[in-house]
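Examining the three-dimensional arrangement
Spelled out from the first residue to the last, the chains are:
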Amino acid sequence: MTQNIVEIDKLSFGYNRKLLHKGITMSFPRGKVVAIMGGSGTGKTTLLRLIGGQFKPKAGEVRVDGQVVHKQDREGMYQLRRKMGMLFQQGALFTDLSVFDNVAFPMRELTDLPETMIRDLVLMKLNAVGLRGAHDMMPTELSGGMARRVALARAIALDPDIILYDEPFAGLDPISMAVTCDLIRTLNDALGVTSIVVTHDVEETFSFADYIYFVADGVVAAEGTPDDLRNSTLPFVHQFVHGEKDGPVPFHYAAGDYKDQLLGPDA
Amino acid sequence: MIRLLQNIGSNTIDQIWRLGAGARLFGLTLISSAESIRRPRLVTKEVYATGVLSLVIISVSAFFVGMVLALQGYHTLQKYGSSEAIGVLVALALVRELGPVVTALLFAGRAGTAITAEIGLMKATEQLSAMEMMAVSPISRVVAPRFWAGVIALPLLAALFSMIGILGGYLVAVPLIGVDEGAFWSQMQANVDWQFDIVNGVIKSVVFGVACTMIALFEGYDAPPTAEGVSRATTRTVVTSSLAVLALDFALTSFMII
Ligand SMILES: Nc1ncnc2c1ncn2[C@@H]1O[C@H](COP(=O)(O)OP(=O)(O)O)[C@@H](O)[C@H]1O
Ligand SMILES: [Mg+2]
């Protein structure tokens, strides 16, 4: 048993010729909550999908439980994925199934449990996220925060060792946000799982994460515990933590000279 | 000029690529069908969605097509003094051609677009990704049951279309125009051949079922995961399916008649 349940080793990946990740190295110790922070479009979601083996890296590798993800065959890949539960950004609940059936879905598809046991398990999982009362609602009837929690119940349906969260706070009101925050920490400690949380909400992340990686321009720009980072003098971290609009990450996307373009012949 | 050539070239490559990708999905669907056979409920649920919900549009269109056939047919046949042959004309036109073809065209518009939009949205809202991350294959769980449902539903709908069309033709020919009822049915019975007409019509509708459903599934599965991407894919489903049905009909008919 390796000490780090997930290890990312000099990983490079891009959807086309342009590389999104240029040699990222991270490690995720068992039982910890580790956050990955970075601006929109820096490839955070993609990174989670690489951990889940949905894409093949251009270079480097991801190891889960000591096994190289992209070298697995179909069966091995499915075995690895059974160890993970992923919470997608918008929940990704199956819209044609009720809340109950959504949570029951992985159990029905992947196990031979009898229906009575599935019923009890689903109600337990829903209770853990505080939504046992919503079991017969349809996903379209749920608010954003509730949908996210149902999706979380579904992600933990088969007791994974790793939970991947993709921007669990995006678009939530402050109360749902605090609830979700609490839930991540509680689930992590109660179930003894490892949590990998992709986010760009500085306040919340600093309050519950054990370790934080900052990603910028396809590399790890900074890393450390929340306390380390709060006192960091790195200009990039300072800008991100304090939410300043201009700094090492410029407000303007790279462009030609402003005056030339305004006065130029064909703009 | 060079721009034009470039465009033609890149579009051609694009289309060929899509053809290959479609064929690949077709193959994957076939080898991932075990789940659909083991759990027939997955398929019956989709037969309901694609088949039962298309019943109204199919029945109403069939009724009108049958009535028009009888009117037009009578108009021409009476010039040659053979207006009792109208039953044969209506039945043959429906069973051989109009049943399978018109049903497939309506199916593409009613059920095909629904399939494309549904799969495209499932992709855009990450439902397919979520399934994959749960170690459940979206092809066995989502694509294959819909494929088999379409292949089952279309021939049934085409048979229904022919039946209701003949009923429509009967109502116009016999009570309205006054063709002899006995001649109408007996001529039809004597001249519609089981093998040559009915079986061939069924073969056509099965082939159209495979083509229409697969095109709808592929367009949805391949759609860019955005609102615009899904809406374009839906349009493409109708256009591609219609062209495919008409072209396949020509090919199949020429094999069957020669
Ligand atoms: N399936 C895909 N195919 C091609 N490009 C993609 C795909 N998914 C995401 N991208 C692109 O990759 C970049 C990073 O996306 P993403 O990983 O979602 O970033 P983040 O989650 O950090 O906002 C974006 O520019 C996005 O447009
Ligand atoms: Mg994202």
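Preceding this section is the structure that the text describes.
Definitions and limits used
- Residues numbered from 1 in each chain as written.
- Chains lettered and ligands numbered in written order.
- Predicted model: local features only at pLDDT ≥ 70, side-chain atom pairs only at ≥ 80, totals over all residues.
- Heavy atoms only, no water.
- Helix = DSSP H or I, 4+ residues; strand = E, 2+ residues; numbered from the N terminus.
- Rg over C-alpha atoms; globule rule 2.2 N^0.38 Å.
- Buried < 20%, exposed > 50% of the residue type's maximum accessible area, 1.4 Å probe, protein only.
- Contact = heavy atoms within 4.5 Å.
- Phe/Tyr/Trp six-rings, centres within 6.5 Å; stacked < 30°, edge-to-face > 60°.
- Lys NZ or Arg CZ within 6 Å of the ring centre and 35° of its normal.
- Pairing = 2+ DSSP bridges.
- Axes fitted to C-alpha atoms, helices over the stretch in contact; angles between N-to-C directions.
- Salt bridge = Lys/Arg side-chain N within 4 Å of Asp/Glu carboxyl O.
- Buried area = accessible area lost by both parts, 1.4 Å probe.
- Polar contact = N/O pair within 3.5 Å; in protein donor to acceptor, adjacent residues only side chain to side chain.
- Nonpolar A, V, L, I, M, F, W, Y, C, P; charged D, E, K, R; others polar.

Digging into the overall build of chain A
- Helix and strand counts for chain A stand at 10 helices and 10 strands.
- The C-alpha radius of gyration of chain A comes to 20 Å, within 12% of the 18 Å expected for a compact globule of 267 residues.
- Buried residues in chain A amount to 49% of all 267 residues.
- By sequence separation, contacts in chain A at least 24 residues apart represent 62% of the contacts at least 6 residues apart.

Side note on the packing of aromatic side chains
All names here are of chain A.
- Enumeration according to the criterion identifies 13 aromatic pairs over all chains in this entry.
- Geometrically, the ring pair formed by tyrosine 15 and phenylalanine 55 is edge-to-face, given 5.3 Å between the ring centres and 85 degrees between the ring planes. In this pair, tyrosine 15 is assigned in the loop between strand 1 (4–13) and strand 2 (21–29) and phenylalanine 55 in the loop between helix 1 (44–51) and strand 4 (59–64), connecting sequence segments 40 residues apart.
- An aromatic cluster of at least three residues, connected via ring pairs, comprises Phe13, Tyr15 and Phe55.
- Positioned above the aromatic ring of phenylalanine 13 is the side chain of lysine 58, whose terminal nitrogen or guanidinium carbon lies 6.0 Å from the ring centre.
- Above the ring of phenylalanine 94, the side-chain terminus of arginine 154 is found at 4.6 Å from the ring centroid.

As for the sheet that holds strand 10 (residues 219–224) of chain A
All names here are of chain A.
- If you trace the 6 strands from one edge of the open sheet to the other, you get 6-7-8-3-9-10, paired in mixed fashion. Two strands bound the open sheet, and with one partner strand each, they are strand 6 (84–87) and strand 10. The sheet shows a mean angle of 15 degrees between the axes of neighbouring strands, taken without regard to direction.
- Pairing analysis gives 4 bridges linking strand 3 (residues 33–37) to strand 9 (residues 211–216), with the strands arranged parallel.

Comments concerning the pattern of salt bridges
Residue and element names in this part refer to chain A.
- Tallied over the entire structure, the rule returns 27 salt bridges over all chains.
- The salt bridge involving arginine 63 is made with aspartate 9; its shortest N-O contact spans 3.4 Å. Here the residue arginine 63 occupies a position in strand 4, and aspartate 9 occupies one in strand 1, the gap between them amounting to 54 residues.
- Using a relative accessible area of 18% as the deciding quantity, one classes arginine 63 as buried.
- Aspartate 9 gets classed as partly exposed once you look at its relative accessible area, which sits at 23%.
- By sharing partners, the salt bridges in this structure join Glu7, Asp9, Lys10, Glu61 and Arg63 into a single network.

A few points about the interface of chain B and chain A
- Taken residue by residue, the interface counts 16 residues in chain B and 24 residues in chain A.
- A combined buried area of about 1800 Å² lies between chain B and chain A, and 56% of that area is made up of carbon and sulfur atoms.
- When the buried surface of chain B facing chain A is broken down by residue, B:Glu126, B:Met133 and B:Met134 rank first, second and third, together holding 37% of it.
- At the junction of chain B with chain A, the criterion picks out 4 salt bridges.
- B:Lys45 is paired through a salt bridge with A:Asp96; the nearest N and O atoms lie 3.7 Å apart.
- Viewed at the interface, chain A and chain B are joined by 8 residue pairs in polar contact (both at pLDDT 80 or more).
- Looking at the side of chain B that touches chain A element by element, the count peaks at 6 residues for helix 6 (residues 127–133) of chain B.
- Classifying every residue of the side of chain B that touches chain A by side-chain character gives 6 nonpolar, 4 polar and 6 charged.

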